[in-house]
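Each chain, letter by letter, is given below.
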Amino acid sequence: EPEVTQTPSHQVTQMGQEVILHCVPISNHLYFYWYRQILGQKVEFLVSFYNNEISEKSEIFDDQFSVERPDGSNFTLKIRSTKLEDSAMYFCASRGQAPNEKLFFGSGTQLSVL
Amino acid sequence: GDSVTQMEGPVTLSEEAFLTINCTYTATGYPSLFWYVQYPGEGLQLLLKATKADDKGSNKGFEATYRKETTSFHLEKGSVQVSDSAVYFCALSLDQTGANNLFFGTGTRLTVIP
């Protein structure tokens, strides 16, 4: 089965640093998503992306966050100035355009902000 | 707001034991309900879903029935196997396909011992 690939699997960064999380969605998919899970808490929706623009975002997705599809295959999440509370597992997901298409998730990037 | 609450883990069972993982929801509209599973080192995968009251979703021996009267969607399996060891997430979406803006629970880690 096709899969969504996320790199790196673990990322450690210092507070205040910029970090970019990478995702390669399934090749013919058109809708892209980022979710995150802080340890012990719920998996939370961050943002959805379609046709090169954000289609929906949550309250969590403030000005410190941005997403980009730089080259037609990658889908990145950037955090400009990381905070301790950004430490979480970040999941990328994608889906195709047909009705009833299901979401395919990556295995996640564990971000630790020190 | 829309949310799900699922049974906290971890849950440890012997092989062939009966499994129940409880999930209740709160929703403003008529949600679709989902169970996702995350096996070690992999992304979240859709396990089963139900889109309206009294629907039963089933897959790989797992079942869950959409109960509107109790706002529940409990996951059950009659006889678990070691290979079922994973983290299970209950989720809801106001989008029937569950492709947009899923609300997840915290996840329940299941360990099945031989």
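Since the model is a prediction, treat every value here as computed from it, not as a measurement.

On to the pattern of salt bridges, then. A side chain of one charge can pair with a side chain of the opposite charge if their charged atoms are brought near each other. Tallied over the entire structure, the rule returns 5 salt bridges over all chains. Between aspartate 84 of chain B and lysine 77 of chain B there is a salt bridge, and its shortest N-O distance comes to 2.8 Å. Each member of the pair, aspartate 84 of chain B as well as lysine 77 of chain B, is classed as buried. When salt bridges with common partners are traced through the structure, they connect Arg36, Glu44 and Asp86 of chain A into a single cluster.

As a further point, take the interface of chain A and chain B. Each side of the interface is counted separately: chain A has 18 residues, and chain B has 21 residues. A combined buried area of about 1600 Å² lies between chain A and chain B, and 54% of that area is made up of carbon and sulfur atoms. On the chain A side of the contact with chain B, Lys42, Val43 and Phe105 of chain A bury the most area, a combined 32% of that side's loss. One can count 3 residue pairs in polar contact (both at pLDDT 80 or more) joining chain A with chain B.

What follows concerns the sheet that holds strand E3 (residues 19–21) of chain B. Within a sheet, each strand pairs with its neighbour through backbone hydrogen bonds, oriented either parallel or antiparallel. Residue and element names in this part refer to chain B. Read across the open sheet, the 4 strands follow the order E3-E9-E8-E7; overall the sheet is antiparallel. The two strands at the open ends of the sheet, each matched to only one other strand, are E3 and strand E7 (56–59). Along the sheet, successive strands turn relative to each other by an average axial angle of 15°, direction set aside. Pairing analysis gives 4 bridges linking E7 to strand E8 (residues 62–65), with the strands arranged antiparallel. Looking at E8, one finds that serine 58 is bridged to glutamate 63.

Looking now at the pairing of strand E4 (residues 31–37) of chain A. Residue and element names in this part refer to chain A. Most of E4 sits inside the fold, with 7 of its 7 residues counted as buried. With burial as the criterion, each face of E4 is covered, one bearing Tyr31, Tyr33, Tyr35 and Gln37 and the other bearing Phe32, Trp34 and Arg36. Pairing of E4 with strand E5 (residues 43–50) involves 7 bridges; the strand directions are antiparallel. Across the sheet, residue glutamine 37 finds its bridge partner in E5, namely valine 43. In textbook terms, the turn of a hairpin is the stretch between consecutive antiparallel strands, and for E4 and E5 this stretch comprises 5 residues, one of which, glycine 40, has a positive phi near 85°.

What follows deals with the layout of surface pockets. Of the volumes computed, that of the largest pocket is approximately 620 Å³. As for the largest pocket, its lining consists of 27 residues, and the residues nearest its centre are Gln37 of chain A together with Val87, Phe89, Thr106 and Arg109 of chain B. Elements supplying a minimum of two residues to the lining of the largest pocket: strand E9 (88–95) of chain A together with strand E10 (86–93) and strand E12 (108–113) of chain B. Looking at side-chain class alone, the lining of the largest pocket contains 11 nonpolar, 13 polar and 3 charged residues. Reported here for the second largest pocket is a volume of approximately 340 Å³. Those elements giving two or more residues to the lining of the second largest pocket turn out to be strand E10 (104–105) of chain A together with strand E6 (45–50) of chain B. With 3 residues, E6 of chain B is the largest single contributor of residues to the lining of the second largest pocket.

Turning to the sheet that holds strand E7 (residues 65–68) of chain A, a few remarks are in order. All names here are of chain A. Strand order in the open sheet formed by 4 strands is E1-E3-E8-E7, with antiparallel pairing between adjacent strands. Every interior strand has two partners, whereas the edge strands, strand E1 (5–7) and E7, have only one. Recorded for the sheet is a direction-independent mean angle of 20° between the axes of neighbouring strands. Pairing analysis gives 3 bridges linking E1 to strand E3 (residues 19–24), with the strands arranged antiparallel. Bridging from a neighbouring strand, threonine 7 pairs with histidine 22 of E3.

So, how was this worked out
Residues numbered from 1 in each chain as written. Chains lettered and ligands numbered in written order. Predicted model: local features only at pLDDT ≥ 70, side-chain atom pairs only at ≥ 80, totals over all residues. Heavy atoms only, no water. Salt bridge = Lys/Arg side-chain N within 4 Å of Asp/Glu carboxyl O. Buried < 20%, exposed > 50% of the residue type's maximum accessible area, 1.4 Å probe, protein only. Contact = heavy atoms within 4.5 Å. Buried area = accessible area lost by both parts, 1.4 Å probe. Polar contact = N/O pair within 3.5 Å; in protein donor to acceptor, adjacent residues only side chain to side chain. Pairing = 2+ DSSP bridges. Helix = DSSP H or I, 4+ residues; strand = E, 2+ residues; numbered from the N terminus. Axes fitted to C-alpha atoms, helices over the stretch in contact; angles between N-to-C directions. 1 Å grid on protein atoms, 1.4 Å probe; cavity = no way out; pocket = protein on both sides within 12 Å on 5 of 7 lines; lining within 4 Å. Points joined across faces, edges and corners; volume = space filled by probe spheres on them. Nonpolar A, V, L, I, M, F, W, Y, C, P; charged D, E, K, R; others polar.

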